[in-house]
Amino acid sequence: MTRLLPLIFIFALALHALAEDTKNIVPNGSFEEIGDKGLPAAWTMPEEWRKKTYDEDWMAESEDGKNFLRLIKRNTTDSLGIKMVVPVQKEWTSLEVSLRARLADFEQGPEKWNGALIWLGFLDADGQQIGNFPNASLGIQENCQEWSELRKTVTVPPEAAEMTVQIILARSAGTFDVDDLEIVPVE
Ligand SMILES: [Ca+2]
């Protein structure tokens, strides 16, 4: 055991360095951590989207030993999505958002804002939305069998205290897979 201790110490240091290096402000953006009922930990489904029917679902799926988020929806009449709120620090002026996504059986709803999307919204210290929601949006607009990388730089409003992160099939049908969601403050 004594011989193992230095190794454990080095391993802990390496883990710490890794965490420092990535600076992802989204907990469980990798979806590796599974919470209650087989759902991705740290994420919630808001009440207004909880109209679950036989043709809707959200889950942590697994492939090659890695987990990712899967949203499934078979109609374009309402929306299905998950959400989290993360604190925003005063000194952040912009954020680099990146993720991997793929999409199958996609049918976009009738409105321009409908789709398979990641929505970001900024809130002030009173919890009020700043400007128009969403402040930033990333998404896929057509079926895409292979994982594809999405990336965007987002400006942080100076009065922002919190940010909402939503992954949503907004009035659209499809199987929307998301993994490796990272939001990193730009130095
Ligand atoms: Ca993952």
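These figures come from a predicted structure and were not determined experimentally.

A. Broad picture of unusual backbone geometry. Between F133 and P134 the backbone carries a cis peptide bond, its omega angle lying at -10°. Tracing the backbone through its elements, the reader meets P134 in the loop between β5 (115-123) and β6 (136-140). Of note in this structure, F31 is not a glycine but carries a positive phi near 60°. By the element assignment, F31 lies in the loop between α1 (4-22) and β1 (56-63).

B. Fine view of the sheet that holds strand β3 (residues 80-87). Strand order in the open sheet formed by four strands is β3-β8-β5-β6, with antiparallel pairing between adjacent strands. Two strands lie at the open edges of the sheet, namely β3 and β6, each paired on one side alone. Across the sheet, the axes of successive neighbouring strands diverge by a mean angle of 15°, strand direction being ignored. Bridging between β5 and strand β8 (residues 162-170) involves nine bridges; their strand directions are antiparallel. What sits directly across from L123, in β8, is E162.

C. Summary view of the pairing of strand β7 (residues 144-155). A small share of β7 lies buried, amounting to zero of its twelve residues. Where strand β4 (residues 94-107) lies against β7, nine bridges are found, and the strand directions are antiparallel. Its bridge partner lying in β7, E96 is registered against T153.

D. Quick look at the nonpolar core. Formed by 36 residues in total, the largest nonpolar core has its most connected members in L69, L71, L117, I167, I168, L169 and V178. Breaking this core down by element, the ones donating at least two residues are β1, β2 (66-73), β3, β4, β5, β6, β8 and β9 (173-185). Top element by residues in this core is β5. It accounts for seven residues. Contacts of L71, omitting those with residues within four sequence positions, involve W58, L80, G81, I167, L169 and F176.

E. Representation of the environment of V186 within the structure. If you trace the backbone, V186 turns up in the segment after β9. A count of 12 C-beta atoms within 10 Å places V186 in the exposed class. For V186, the contacting residues outside a window of four places in its chain are S94, L95, E96 and T153.

F. Region of interest: the sheet that holds β9. The antiparallel open sheet is built from five strands, whose spatial order is β1-β2-β9-β4-β7. In this open sheet, the two strands that pair with only one neighbour each are β1 and β7. Neighbour to neighbour, the strand axes of the sheet diverge by 30° on average, direction disregarded. Bridge count for β2 against β9 is five bridges, and the pairing is antiparallel. Each residue of the ladder has a partner; that of I72, found in β9, is T175.

G. Structural view of the environment of I118. Among the secondary structure elements, I118 is positioned in strand β5. When the C-alpha atoms of I118 and I140 are compared, they prove to be 9.4 Å apart, with 22 residues separating the residues in sequence. When residues no more than four places from it in sequence are discounted, the contact partners of I118 are L99, S137, L138, G139 and I167.

H. Broad picture of the pairing of β8. Of all nine residues making up β8, seven are buried, and the element is well covered by its neighbours. As paired strands, β3 and β8 are joined by eight bridges and run antiparallel to one another. Residue pairing across strands places V86 opposite M163, the latter belonging to β8.

Calculation rules
The numbering scheme is per chain: residues are counted from 1 as the chain's sequence reads. This being a predicted model, a pLDDT of at least 70 is required before a residue's local features are given, and a value of 80 or more before pairs of side-chain atoms are given or counted; all residues contribute to the totals for chains, interfaces and linings. A run of H or I in DSSP counts as a helix once it spans at least four residues, and a run of E counts as a strand once it spans at least two, with each numbered from the N terminus. Pairs of strands are assigned from DSSP output, requiring at least two bridges between the strands. Inter-axis angles, ranging from 0 to 180 degrees, are taken between N-to-C directions of lines fitted to C-alpha atoms, where helices are fitted over the stretch in contact. Three exposure classes are used. Buried residues have 20 or more other C-beta atoms within 10 Å of their own C-beta, exposed residues have 12 or fewer, and partly exposed residues fall in between, all C-beta atoms being placed from the backbone. Joining buried Ala, Val, Leu, Ile, Met, Phe, Trp, Tyr and Cys residues through C-beta atoms within 7 Å gives a set, and that set is a nonpolar core. Residues are defined as contacting one another if the C-beta atoms placed from their backbone atoms lie within 7 Å.

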